[in-house]
Amino acid sequence: MTSVIPIAEFGQAPGDPKKLGPLWAQRGLLDRVRGVSQRDRTAPSGMSSIHGGARHVWPFAGRTAELELIGQRLRVRRGGGVVIAGEPGLGKSRLAAEAVREAGAPVAQVVGTRAGASVPFGAFAHLFPAVPSPRDGLTVPLRWVTDALRPRAGGDRLVLVVDDAHLLDHASAALVLHLAQRGDTRLVVIAGRGGTAPDAVAALWKDDLLPRLDLGPLTQAESAQVLTGALGGHVEALTVRRLHRLTEGNVLFLRELVMTGVSTNVLSRAGGVWSWRGELPVAGRVRELVESRLGDLTAAEREVLEYAAFGEPLDDDLLEGLVESDALERMEARHLIVCGREGTRLRVRPASPLYGEVVRARCGPLRAKRVKRRLADVVEAHGDRPDDALRVAVWRLDSGGRPDPAVLIEGCRLAWVGYDVALAERLGRAALAAGGGLDAALALATPLVMGGGWEELEALLPVPGSGAATGDPGTADQAHAEYAAARAYGLMFGGEDPLPVLAEAAAAIGDPRARQDVLSAAALLHFYCGRVDDATEHIGLTRSLGRASPIAAARLAAAEATMLAHRGHAERCLDVVEAALRDLTEWREAEPVLLPALVCARLMAHVFAGDLDEAWEAVADGERLIGEGAGWDIGIAGGCGHRGQISRLRGSIGDALAWSRDGAGRLPAGPVGFAGLCLGELAHAAALTGDVVEARRALDAADERTLPAFRAIDFTVELARPWVLAAGGDLTGAVAAALAAADRAAEHGLRGYEMYALHDAVRLGAAVRTADGVAETIADRLDRLADEMDGPLPPVLARHAAAALVRDPAALSAAAKQFEQLGMLLHAAEAHAHAAGAYRRLGGPRLARASETSAWALAADCQGARTPALAELTAPGLTARQREIAHLAAGGLTNRQIADRLTVSIRTVANHLCGVYERLGVNDRTGLADLLGRLDTR
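Now for a description of the structure that goes with this document. Every value quoted in this text rests on a predicted model; they were computed, and no experiment measured them.

1. Observations concerning the overall build of the protein chain
Each helix and strand counted, the protein chain has 48 helices and 10 strands in total. Burial status across the protein chain gives 56% buried among its 938 residues. When contacts within the protein chain are restricted to residue pairs at least 6 apart in sequence, those whose partners lie at least 24 apart make up 69%. Entry remark: accessible area of the protein chain is about 37,800 Å², with carbon and sulfur atoms responsible for 52%.

This is the structure in structure tokens:
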């Protein structure tokens, strides 16, 4: 938010060495504005030396309430000031600098240091004359030093910034207390949290001389603002979450991590999006800062940190068996480890995620192997956490030796349960190398494919009977069923038809239960491939064989819930999902990918019903399942794409662009699942902003990279096509493309997308751009869908289409209000614009202007949306005097009261109000209040 503060603003004349004092004394606060503390002089003040895309000055963001509080305290007539307390690295000095800059008053600054703590008035030395005046002598030092500060105020009240006040010498601390008691100097005192401050400093807040502001860490939103400003562009949401989690809102750590990430290229920009890829580089300044926090450690204390870092979270009783109890307690007392209760257990971990990263990084390979081997022994013997088998597998693999293939296979399965694709692949490959055979291949197959390694599938799971090396399911029906399902998923993600593999297996398998497993997989994949009738048939075939196994039941639930969602049967879909989740523990480890599929079905049910808040929450549930550190890029991309979809429907087009770019950036190269979703939403959002070049580029990429087996998931690319044409000026072609998309959706049983495509044709002007009878057909189809689908949205779309067909302004206005209630602001703005045109056609200019003003107010909140319906909108113009009178009238004042307040005549007020009513298209104060509220909020 700011650049470097000129020295003159701090009451010091540039270039005058007598006033500037020693170099260290005059540059401290300026460095803090740059983001460099006095203790960190060796750190670069900005990032331009590392990357051209990063700004020289680290930006200031957030802290709005804190800035306001400090500003209020600095405006107090007598006394005034504040104590800012907090842990190191939270930006206390920078906050003070920003507050002082906004105050615009003469400023002096002092800094406490450990080195100067033994020198009386050492912190103030650079502000005083060389010797006291003869009349003062040395008998009244507080009066002498107080008088020495007066010339710096220049006739105004001085603001004295006292940084690191907890390190002041006792004489300087007494002076600060004296100044606070006198009240003629405003004080901004910055102190560390804890009980180490001198008594005189602590008295500032204990004796209520100054309020104490305890500064907390940055919120995630504030971290995002800082990162965007520092890097000069959009930062991927997942990267923001990861950096915020690692730094816990500590600005100093955040800055150093960003600088290290940019310099090592793990934080880089691609496609206009900054994202973090790869491991955390804990080196350079990051490591130095953390090690300075860790301080000197004994051998026993170091061991505590190492076991906590490699084993986090570790049960306290297990850790007590590995280390000295006294050392454990010392580490807790020094706040280097923390204990958190989970149920009845205490779990121990390093006090900061960065502590763990640095401790692991500085541990030598031999020592790390010993620590991991010991952890594996203890946890294998005494652990009872659900993920202990996974942790033991990783520790065994990392510590060398010859791990048991069964341990590695189980670890691979558990890693995939947590959607950690890289770890699952690593453990699965190790299991294969250790002789795990077919079981290892089956465990590895799905995470390998989900990570983008589908080209290896043929070598891993060859056609049964081919004699290839990995193994053959033979005649065992259950093994054959697992083998066929794994191959089918791989073929689906590899862009090939997965269904023949399942058909062959179903024909060859005799055991009913194993055959159910194959048929249930076929039911799910038939729907994803757009073969809704075949999917329905396979659901029936599976159930005809009797009670299904847990995995078959879960596959059937995913297939049925997804079909119900797309058919618009939201309530039945949610019931199926809820029932499947009740049995989650019975099937999750066998096929973890079904859980995101069920969450996606719930999400789409809400999207088609019009409950966008619930849809957003469903995406959040999916993200919590996958986790930010799991590394399942395809799954993460899907979540981003759906957030883009929901943002677009809300009318938040800028957010839709950001989310879809995040998703597109996470996709592996080449054709891949969710490419149509992410790139289609990117094309759609770009088209809605009028960016034809990006829209066409994204649409072309979506067409090239969308997989045939993802027809239902990636159908959004078909919804984007009409809007890309419209952005290029081809409105007739856009309407035709929307109708074609609706027909394709209907063909594949995707009623929800059929509904949206039909309504898009209405939004694009089907009533005037189609042959006779076509618009009526659209309205009839939407009316029929409204009867067949759940939720409030389908009837609203149908009513809007019917009103647009006959150009009924009142019905169009009613539809606009219903869209707004659903949170679909762009749809609402367009409906108001349609109403404005209809009112003009009927000769109602005032009502037309009211609708147009409502449309403008809503469109202004749609983050740059430009659609055909909004093309003719203009901002409602009011003069400053008209706006002032309008607000007073809307607030309930009579014309006479307004005239008395503004010292004008009643006639003048009445004339201004007539002009306001005419321009805004309202008739009375009630309508005026409602419309002004909209305009002011937007």
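2. Description of the pairing of strand β2 (residues 107–111)
Of all 5 residues that make up β2, 5 are buried, and the element is covered over most of its length. Side chains V107, Q109 and V111 of β2 all project onto a buried face; the interleaved residues A108 and V110 project onto the opposite face, where all are buried too. Looking at chain direction, β2 and strand β3 (residues 159–163) are connected through 5 bridges and run parallel. Within the sheet, the bridge partner assigned to A108 lies in β3 and is L160.

3. Description of the packing of aromatic side chains
Applying the stated criterion across every chain yields a total of 9 aromatic pairs. Ring centres of Y419 and W632 lie 5.5 Å apart, and the angle between their planes is 10°; on these two criteria the pair is classed as stacked. Residue Y419 is found in the loop between α19 (405–417) and α20 (421–433), and its partner W632 is found in the loop between α31 (612–626) and α32 (633–650); the two are separated by 213 residues along the sequence. Across the pair, exposure class does not vary: Y419 and W632 are buried alike. Ring centres 5.9 Å apart and planes at 70° place the aromatic pair F674 and F710 in the edge-to-face group. A residue pair is termed long-range when its members are at least 10 positions apart, and F674 in the loop between α33 (653–666) and α34 (675–688) and F710 in the loop between α35 (692–705) and α36 (716–727) qualify at 36 residues. Each member of the pair, F674 as well as F710, carries the same accessibility label: buried. Ring pairs connect the aromatic residues F608, F715, Y753 and Y756, which therefore count as one cluster.

4. So, the sheet that holds β3
Reading across from one edge, β2-β3-β4-β1-β5 is the order of the 5 strands in this open sheet, with parallel pairing throughout. Strand pairing shows two members of the sheet lacking a second neighbour, β2 and β5 (212–214), which therefore form its edges. Strand-to-strand twist in this sheet, taken as the mean axis angle between neighbours without regard to direction, amounts to 15°. In this fold helix α7 (residues 170–182) packs onto β3 and β4 (186–192), with an angle of close to 140° to the strand it touches most, β4.

5. A word on the sheet that holds strand β9 (residues 337–342)
Taken together, the 3 strands give an open sheet; going across it, the order is β8-β10-β9, and neighbouring strands pair in antiparallel fashion. Every other strand in the sheet has two partners, leaving β8 (314–315) and β9 as the edge strands with one partner each. One ladder, built from 2 bridges, connects β8 with strand β10 (residues 345–350); its direction is antiparallel. Bridge pairing in β10 links D315 to R347.

6. Observations regarding the nonpolar core
Grouped together as the largest cluster of nonpolar side chains are 190 residues, with contacts concentrated most on L427, L461, L603, V607, W632, Y756 and F819. The element contributing the most residues to this core is helix α30 (residues 594–609), with 12 residues. Leave out the neighbours within four places in its chain, and L427 touches L390, A393, V394, L397, L408, G411, C412 and A415. Grouped together as the second largest cluster of nonpolar side chains are 59 residues, L254, V266, L267 and A368 included.

7. What to know about the side chain of S549
Among the secondary structure elements, S549 is positioned in the loop between α26 (532–544) and α27 (550–567). Here S549 falls in the buried class, since its relative accessible area comes to 6%. Beyond its immediate sequence surroundings of up to four residues, S549 is in contact with R513, Q516 and D517.

8. Brief notes about helix α45 (residues 880–890)
Of all the residues in α45, the buried ones are Q882, I885, A886, L888 and A889. Down the axis of α45, the buried side of the element spans an arc of 165°, and every buried residue falls inside it. One or two positions beyond α45, positive phi appears at G892, with a value near 105°.

9. Details of unusual backbone geometry
The omega torsion of the bond from E312 to P313 falls at -10°, within 30 degrees of zero and hence cis. As for its position among the elements, P313 is in the loop between α13 (299–311) and β8. Even without being a glycine, R63 presents a positive backbone phi close to 60°. Residue position: R63 is located in the loop between α3 (28–34) and α4 (64–74).

10. Comments concerning the pattern of salt bridges
Inspection of every chain in the model, using the stated rule, returns 50 salt bridges. With a shortest N-O distance of 3.8 Å, R582 and E578 are connected by a salt bridge. Residue R582 and its partner E578 are both found in helix α28 (residues 570–582); the two are separated by 4 residues, about one turn of the helix. Classification of E578 by relative accessible area gives partly exposed; the value is 48%. With a shortest N-O distance of 2.7 Å, R624 and E617 are connected by a salt bridge. R624 gets classed as exposed once you look at its relative accessible area, which sits at 54%.

11. Here we look at a negative patch on the surface
On the surface, a cluster of negative charge is made up of D317, E320, E324, D326, E329 and E332. Secondary structure elements with two or more residues in the negative patch: α14 (316–320) and α15 (325–333). Ranked by residue count, the leading element in the negative patch is α15, at 3 residues. As for its position among the elements, E320 is in helix α14.

12. Looking at the packing of α32 against α34
Direction vectors running N to C along α32 and α34 enclose 30°, while the axes themselves pass 9 Å from each other. Between α32 and α34, the angle falls in the class roughly parallel. Both α32 and α34 take part in a crossing whose hand is left-handed. Contacts between α32 and α34 involve A637, G638, G641, H642, G644, Q645 and R648 from the first element and L677, C678, E681, H684 and L688 from the second. Its residues placed into classes, the contact of α32 with α34 shows 4 nonpolar, 6 polar and 2 charged.

Reading the values: the criteria
- Residues numbered from 1 in each chain as written.
- Predicted model: local features only at pLDDT ≥ 70, side-chain atom pairs only at ≥ 80, totals over all residues.
- Heavy atoms only, no water.
- Helix = DSSP H or I, 4+ residues; strand = E, 2+ residues; numbered from the N terminus.
- Buried < 20%, exposed > 50% of the residue type's maximum accessible area, 1.4 Å probe, protein only.
- Contact = heavy atoms within 4.5 Å.
- Areas by Shrake-Rupley, 256 points an atom, 1.4 Å probe, with all protein chains shown as cover.
- Pairing = 2+ DSSP bridges.
- Phe/Tyr/Trp six-rings, centres within 6.5 Å; stacked < 30°, edge-to-face > 60°.
- Axes fitted to C-alpha atoms, helices over the stretch in contact; angles between N-to-C directions.
- Core = buried A, V, L, I, M, F, W, Y, C linked by side-chain atoms within 4.5 Å.
- Arc of directions from axis to C-beta.
- Salt bridge = Lys/Arg side-chain N within 4 Å of Asp/Glu carboxyl O.
- Patch = residues over 30% accessible without salt bridge, like charges linked within 9 Å, V, L, I, M, F, W, Y side chains within 5 Å.
- Lys, Arg positive; Asp, Glu negative; His and termini not counted.
- Charge placed at Lys NZ, Arg CZ, Asp CG, Glu CD.
- Parallel < 35°, antiparallel > 145°, perpendicular 65-115°, else oblique.
- Left-handed = near helix turned anticlockwise from the far one by under 90°.
- Nonpolar A, V, L, I, M, F, W, Y, C, P; charged D, E, K, R; others polar.

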